Amino acid sequence: MPNICLCAIVRNEEHVLGRMLESVRNLCTHMVIVDTGSTDNTLAVAREGAGDVPLLLRTEEWVDFATARNQAFVAAEVFLADLDPNDTWLLVVDADETLTDQGFQMPTSWHGIQEQALQNQELLDAIQKGHKVGAYALPVTAPDGVTNLVPRLFRLSAHYRYQGPIHEWAESDQESALVVTEPALVIEGHFDSYRNQDEDKARRDLELLDRLKGESPSARWFLYAGLTRLGLGDATAVLDFRNCLTFSEWPEERYVARVAAAKCSMRVDCDRALGLLLAAYSEIPYRAEAVVELCLCLAYWKMFNAAYVYAMLYTELPPPSGGLHIDTRDWGARGLLICALVMAACGAKYRVEQLLQRLRDSPDNTPELNSLAHALESASESSDQDMIAQIASHFVF
């Protein structure tokens, strides 16, 4: 069995750390926790939560996220020096996250990642050249329904280090280190950490992102600045998304930027929003977000016949298999309701009933969506397109 060492950074997390440690304790053979200035009982909770798992606790001054994570990695390399680095892995989980093991078995050979490789020629070529898996990207979910595939499990010998003071990312100094997905380990973010309880967190993050945009302009900083502004209800986020598109060469990044920019434009500029969404759909047709937003935009502007085409496409989309900033709500209750209102406007009552039943059974259904679904059922009886467009307006930024 491989060795798996938790690498966590904490500060004033006594209220959540025990929950996280309980979720990883059965998987981890070792733990490294770096504290960056706690004034509560975080260290005591760490010692108790580790149980019988060997634990290294370090205290460091806060610099930024990449620095703190790298301090944990360096400490782990020393702590685990007697172990085989090729069979030892570093697992990154934050204090306000929990890990769910859905039957994880770490692949140790070609057969373990055969299915992924057969669907990815670049990965297949690399494996056949003898390249090794350096990291596993795990699904990381957020309370708002957004899921990202993020490298969180790293082979010690691949020597990964984090970059970036915020929204940090890990890079290996070995070109042969491959990253593959591992859906059987799911990290759920609860967003109840000490930092996330700060009401000014988003604005402070935005100040840093705006500074980074000026110092070292990149698609990453523009994208996250735009998403932060969007979360604050600021429609000027569209400018950040446009700049992201100028710099980005990554299809997933461009997709997210285009869909987000379309949301900012939808209420005032139908043509611009449609152009962005069609470009996103053209580049990645198997994701739901652009399809759902196309339905919403066309329904809001009462172009229901055109929207019907995309509502039908939506019913045939496969479940999400990974990507950047996946909005699972568009595969769930939100997407079902938006497509149902398009079907209702076009008189497809049977499909409306099907979609609304799926909505009621969806685990992410909410009282607000249920209320809108009841209103839609009434509008559907009379094919009241004005009422249906009004329901659509609830989803427009």
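Treat the numbers as computed from the prediction; the structure is a model and nothing was measured.

About the criteria used
- Residues numbered from 1 in each chain as written.
- Predicted model: local features only at pLDDT ≥ 70, side-chain atom pairs only at ≥ 80, totals over all residues.
- Heavy atoms only, no water.
- Buried < 20%, exposed > 50% of the residue type's maximum accessible area, 1.4 Å probe, protein only.
- Helix = DSSP H or I, 4+ residues; strand = E, 2+ residues; numbered from the N terminus.
- Arc of directions from axis to C-beta.
- Polar contact = N/O pair within 3.5 Å; in protein donor to acceptor, adjacent residues only side chain to side chain.
- Axes fitted to C-alpha atoms, helices over the stretch in contact; angles between N-to-C directions.
- Parallel < 35°, antiparallel > 145°, perpendicular 65-115°, else oblique.
- Left-handed = near helix turned anticlockwise from the far one by under 90°.
- Contact = heavy atoms within 4.5 Å.
- Nonpolar A, V, L, I, M, F, W, Y, C, P; charged D, E, K, R; others polar.
- Core = buried A, V, L, I, M, F, W, Y, C linked by side-chain atoms within 4.5 Å.

1. Quick word on helix 16 (residues 385-393)
For step 1, the next point in the chain: For helix 16, the set of buried residues is Ile388, Ala389, Ile391 and Ala392. Around the axis of helix 16, the buried residues are gathered within 155 degrees of arc, so they sit on the same side.
For step 2, the next point in the chain: Regarding helix 16, its N-cap is Asp384, as a side-chain oxygen of that residue lies 3.2 Å from the backbone nitrogen of Asp386 further along.

2. Looking at the packing of helix 10 (residues 270-283) against helix 11 (residues 289-300)
For step 1, the next point in the chain: Viewed as axis vectors pointing N to C, helix 10 and helix 11 meet at an angle of 160 degrees, and their least axial separation amounts to 9 Å. One element, helix 10, and the other, helix 11, form an angle in the roughly antiparallel class. Both helix 10 and helix 11 take part in a crossing whose hand is left-handed. Here helix 10 contributes Cys270, Ala273, Leu274, Leu277, Leu278, Ala280 and Tyr281 to the contact with helix 11, which in turn contributes Ala290, Val291, Glu293, Leu294, Cys297 and Leu298.
For step 2, the next point in the chain: Looking at the contact of helix 10 with helix 11 residue by residue, the class counts come to 12 nonpolar, no polar and 1 charged.

3. Looking at the nonpolar core
For step 1, the next point in the chain: Grouped together as the largest cluster of nonpolar side chains are 79 residues, with contacts concentrated most on Phe241, Leu337 and Leu376.
For step 2, the next point in the chain: Among the elements that make up this core, the one with the highest residue count is helix 13 (residues 333-345) (11 residues).
For step 3, the next point in the chain: Ignoring any residue separated from it by four or fewer positions in sequence, one finds Leu376 in contact with Leu337, Ala340, Leu341, Ala344, Leu356, Ile388 and Ile391.
For step 4, the next point in the chain: Among the nonpolar cores identified, the runner-up in size contains 32 residues, and Val10, Val45, Phe104 and Ala184 belong to it.

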